[in-house]
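If you want the building blocks of each chain, they are given just below.
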Amino acid sequence: MAAPKCPNPQCEYFNRTLPNTAQVCPMCGTPLGNVVRSGSAAPVAAAPPPPPIVSPYQQPAPPPHVYAPAAPPPAYPQPAPAAYPQPPVAPAAAPPASQGRPTLKLVHALIGREFAAPGDESYIGRRGGTVKPAPEIDLTGIPNDQVISRPHACILWDAAYATYTITDNNSRNGTFVNGQPLTPGVSYQLVDGDTLQLGRENLVQFKVAIA
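Residues numbered from 1 in each chain as written. Predicted model: local features only at pLDDT ≥ 70, side-chain atom pairs only at ≥ 80, totals over all residues. Heavy atoms only, no water.

## Digging into the sheet that holds strand β9 (residues 187–190)
Now for step 1: Ordered in space as β4-β3-β5-β6-β9, the five strands form an open sheet in which the pairing is mixed. Whereas interior strands pair on both sides, the edge strands pair on one side only; in this sheet they are β4 (137–138) and β9. (Pairing = 2+ DSSP bridges. Helix = DSSP H or I, 4+ residues; strand = E, 2+ residues; numbered from the N terminus.)

Following this line, the structure appears as C-alpha cells:
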C-alpha cells in the first residue's frame, strides 16, 4: 500500500509522504484515508482549537470636573430663562446688547439686585480711588463692598465661541466660581446658573443669569 500523504491543501504537509503508521496528519490533524489501521479503533479526530480568550474592556472612570477648560470651550447654546423669582429692585436699563450676544446679569444673593453686563467687555469693581474710569459693573454701595477691589475682574463676551468668560484682575481677595478660586489672568467660562463670589468668607455672592 502506498505511503500516506496529507490530503489537506491548506496544510504545510499537503501531498507530502508521511510515516506508514500515521493515522492523521501531524501538522493539521486531517485523517489519512489510505492508512492501514489495526483492529477497529476509530480514527483520531483533530482537537478543535481552544476558543480565544477575550478580556473584557472596562471603560475608565471619567476624570473629575475641572472648571477651567484647557481647550477652547464648546459653542454655547441659548439657555432657558433663569428659574429664580424676580428681585424687588428693578435693574437699571442697560444699553442694547450686541447682535447675537445674550444678556448676562449678576443677581445679588442677598438683596436680589441685578447688575447687567452692558457690552462685550465689562469690568467689575468699585468706583473711586485712583482707578478711572469707573467699572461698567459698579458694585459700590452693596453690602460688604469693602472686599471688592476697584478693578476686581473682567467679564468678556467671546463671539468666536459664543460664550462669556471671566478673568480675575489680580484682585486683593480673589474671585471664585462655584466655590473654586480663579487663577488671576486666566479666563474661565461662565454659564447660566453659576455662582460668582467676589472676595472670601462668602460675603459677596451673585447668581449668574444668561438669557
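## Observations regarding the nonpolar core
Now for step 1: Counting 25 residues, the largest nonpolar core has Leu106 and Ile166 as its most contacted members.
Now for step 2: Mapped by element, the contributors of at least two residues to this core are β1 (104–108), β5 (153–158), β6 (163–168), β9, β10 (195–198) and β11 (205–210).
Now for step 3: When near neighbours in sequence (up to four residues on either side) are disregarded, Ile166 contacts Ile124, Ala153, Cys154, Ile155, Thr175, Val177, Leu182, Val186, Ser187, Tyr188, Leu190 and Leu196. (Core = buried A, V, L, I, M, F, W, Y, C linked by side-chain atoms within 4.5 Å. Buried < 20%, exposed > 50% of the residue type's maximum accessible area, 1.4 Å probe, protein only. Contact = heavy atoms within 4.5 Å.)

## Regarding the packing of aromatic side chains
Now for step 1: In total, this model carries two aromatic pairs according to the counting rule given.
Now for step 2: Between Phe115 and Phe206, the aromatic rings sit 6.0 Å apart at their centres with planes inclined by 90 degrees, giving edge-to-face as the arrangement. On the criterion of sequence distance, the pair formed by Phe115 in strand β2 (residues 114–116) and Phe206 in strand β11 is long-range, its members being 91 residues apart. Each member of the pair, Phe115 as well as Phe206, is classed as buried. (Phe/Tyr/Trp six-rings, centres within 6.5 Å; stacked < 30°, edge-to-face > 60°.)

## Some thoughts on the pattern of salt bridges
Now for step 1: Applying the stated criterion to the full structure yields three salt bridges.
Now for step 2: Note that Lys105 is salt-bridged to Glu114, the shortest N-O span being 3.3 Å.
Now for step 3: The partner of Asp138 in a salt bridge is Arg127, with the nearest N and O atoms 2.5 Å apart. In this pair, Asp138 is assigned in strand β4 and Arg127 in the loop between β3 (121–125) and β4, connecting sequence segments 11 residues apart.
Now for step 4: Take Arg127: its relative accessible area is 45%, and that puts it in the partly exposed class. (Salt bridge = Lys/Arg side-chain N within 4 Å of Asp/Glu carboxyl O.)

## Some words on unusual backbone geometry
Now for step 1: The phi torsion at Asn178 lies on the positive side, around 55 degrees, for a residue other than glycine.
Now for step 2: Along the chain, Asn178 turns up in the loop between β7 (175–177) and β8 (180–181).
Now for step 3: The backbone of Asn202 sits at a positive phi, close to 55 degrees, despite the residue not being glycine.
Now for step 4: Inspection of the secondary structure puts Asn202 in the loop between β10 and β11.

## Re the environment of Ile111
Now for step 1: Mapped onto the secondary structure, Ile111 falls in the loop between β1 and β2.
Now for step 2: Of the residues examined, Ile111 reaches a relative accessible area of 34% and is grouped as partly exposed.
Now for step 3: The sequence separation of Ile111 and Phe206 amounts to 95 residues, and the corresponding C-alpha distance is 10.0 Å.

## A short note on the side chain of Thr163
Now for step 1: The residue Thr163 is located in strand β6 in this model.
Now for step 2: With relative accessibility at 0%, the residue Thr163 sits in the buried group.
Now for step 3: A distance of 3.2 Å separates the side chain of Thr163 from the side chain of Gln189, its partner in a polar contact. (Polar contact = N/O pair within 3.5 Å; in protein donor to acceptor, adjacent residues only side chain to side chain.)

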